[in-house]
Amino acid sequence: MAGDRPLRGRAGYPFLLLSGEDAMTVLTTRSLTLRPWRASDVSALVVHANDRRISQNLRDRFPHPYGRTDAESWVEFASSLPPPHRHLAICVEDEAIGSIGIDAFEDVHRRTGELGYWIGAACWGRGYATEAVVAMTTYGFETLEFARIQAAVFEWNPASTRVLSKAGYRFEGTLRSHVVKDGRLGDALLYAAIRAEHLHRDPDR
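Residues numbered from 1 in each chain as written. Predicted model: local features only at pLDDT ≥ 70, side-chain atom pairs only at ≥ 80, totals over all residues. Heavy atoms only, no water.

Before going further, it helps to spend a moment on the confidence of the model for the protein. When pLDDT is averaged along the protein, the result is 90; 86% of the residues meet or exceed 70. Confidence drops under a pLDDT of 50 for residues 1-6, and excluding neighbours within four residues, the segment shows 15 contacts in the predicted structure. pLDDT under 50 marks residues 8-15. Its contacts with residues more than four places away, or in other chains, come to 39 contacts. (pLDDT = per-residue confidence, 0-100. Contact = heavy atoms within 4.5 Å.)

Attention shifts here to helix α5 (residues 158-166). Among the residues of α5, those classed as buried are Ser160, Thr161, Val163 and Leu164. The buried side chains of α5 occupy one side of the element, clustering within an arc of 155 degrees when seen end-on. Buried residues along α5 sit against β7 (112-119), α4 (128-142), β8 (148-154) and β10 (184-194). Once α5 finishes, glycine 168 follows within two positions and takes phi at roughly 100 degrees, a positive value. (Buried < 20%, exposed > 50% of the residue type's maximum accessible area, 1.4 Å probe, protein only. Helix = DSSP H or I, 4+ residues; strand = E, 2+ residues; numbered from the N terminus. Arc of directions from axis to C-beta.)

Assignment of secondary structure puts serine 73 in helix α3 (residues 68-80). A sequence separation of 31 residues divides serine 73 from valine 42, and the C-alpha atoms of the two residues are 9.4 Å apart.

A few words now on the environment of leucine 27. Along the chain, the position of leucine 27 falls in strand β3 (residues 27-28). A relative accessible area of 0% places leucine 27 in the buried class. Along the backbone, leucine 27 and alanine 135 are 108 residues apart, and their C-alpha atoms lie at a distance of 6.9 Å.

Below, the discussion takes up the packing of α4 against α5. Interhelical geometry of α4 versus α5 gives an angle of 45 degrees and a closest axis separation of 9 Å. By the angle between their directions, the pair α4 and α5 is classed as oblique. In terms of crossing hand, the pair formed by α4 and α5 is right-handed. Touching Ala129, Thr130 and Val133 of α4 are Val163, Leu164 and Lys166, all from α5. Across the contact of α4 with α5, the residue classes tally to four nonpolar, one polar and one charged. (Axes fitted to C-alpha atoms, helices over the stretch in contact; angles between N-to-C directions. Parallel < 35°, antiparallel > 145°, perpendicular 65-115°, else oblique. Left-handed = near helix turned anticlockwise from the far one by under 90°. Nonpolar A, V, L, I, M, F, W, Y, C, P; charged D, E, K, R; others polar.)

Moving on, we get to the pairing of β7. Of all the eight residues making up β7, seven are buried; the element is thus mostly covered by neighbouring parts of the structure. In the sheet, strand β6 (residues 95-104) pairs with β7 via seven bridges, with the strands oriented antiparallel. Within the sheet, the bridge partner assigned to glycine 101 lies in β7 and is glycine 116. At this point the chain moves from β7, through α4, to the parallel β8, and the crossover so formed is right-handed. (Pairing = 2+ DSSP bridges. Right-handed = clockwise from strand over helix to strand, strands pointing away.)

The next subject is the side chain of arginine 148. You can see arginine 148 is positioned in strand β8. A distance of 2.9 Å separates the side chain of arginine 148 from the side chain of glutamine 150, its partner in a polar contact. Among all residues touching arginine 148, those that are not within four sequence positions of it are Arg111, Thr112, Gly113, Phe141, Glu172, Leu190, Ala192, Ala193 and Ile194. (Polar contact = N/O pair within 3.5 Å; in protein donor to acceptor, adjacent residues only side chain to side chain.)

If you want it as structure tokens, here you go:
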């Protein structure tokens, strides 16, 4: 496709940013495709998102139980946003198994993005989350032009801290008593990647 830009993530595997006339974003890693959400993803989204193991590690705006109406509302919202796309479906063989996105902070923090992601439990343990984070982070720096991307992980979610570390994020500190989830008060662990460090790091390291 004319205008395709080959990029190379920190983990060393290639992916593509496809930019056609409709400015559709597709990131392709070794195992995954990250693409804009579409109406046909609703059923798969319900299957993977309707799981307490997912919702307990996300903000309350991610509901549980997660029904078809919730999925339809999310897909409608995500697909209505103008390009460049900041919220993408994580797909294996075109089935949406999770979600990843970067939201921009405002005012003097506008060059900072907040990363969020989840993978359906049926697909855990295969390295998909790390692949998706590496791809989305490089896209966030190269295309969305963030200078910093950060993520706050609930203290009871060590799997996510391992994902971020593998993807090149650094632990910056603990936000004590920062979250209340399902009646539980807990800390948030702050991880961040900086553009200059991420894009110039040896991808084979």
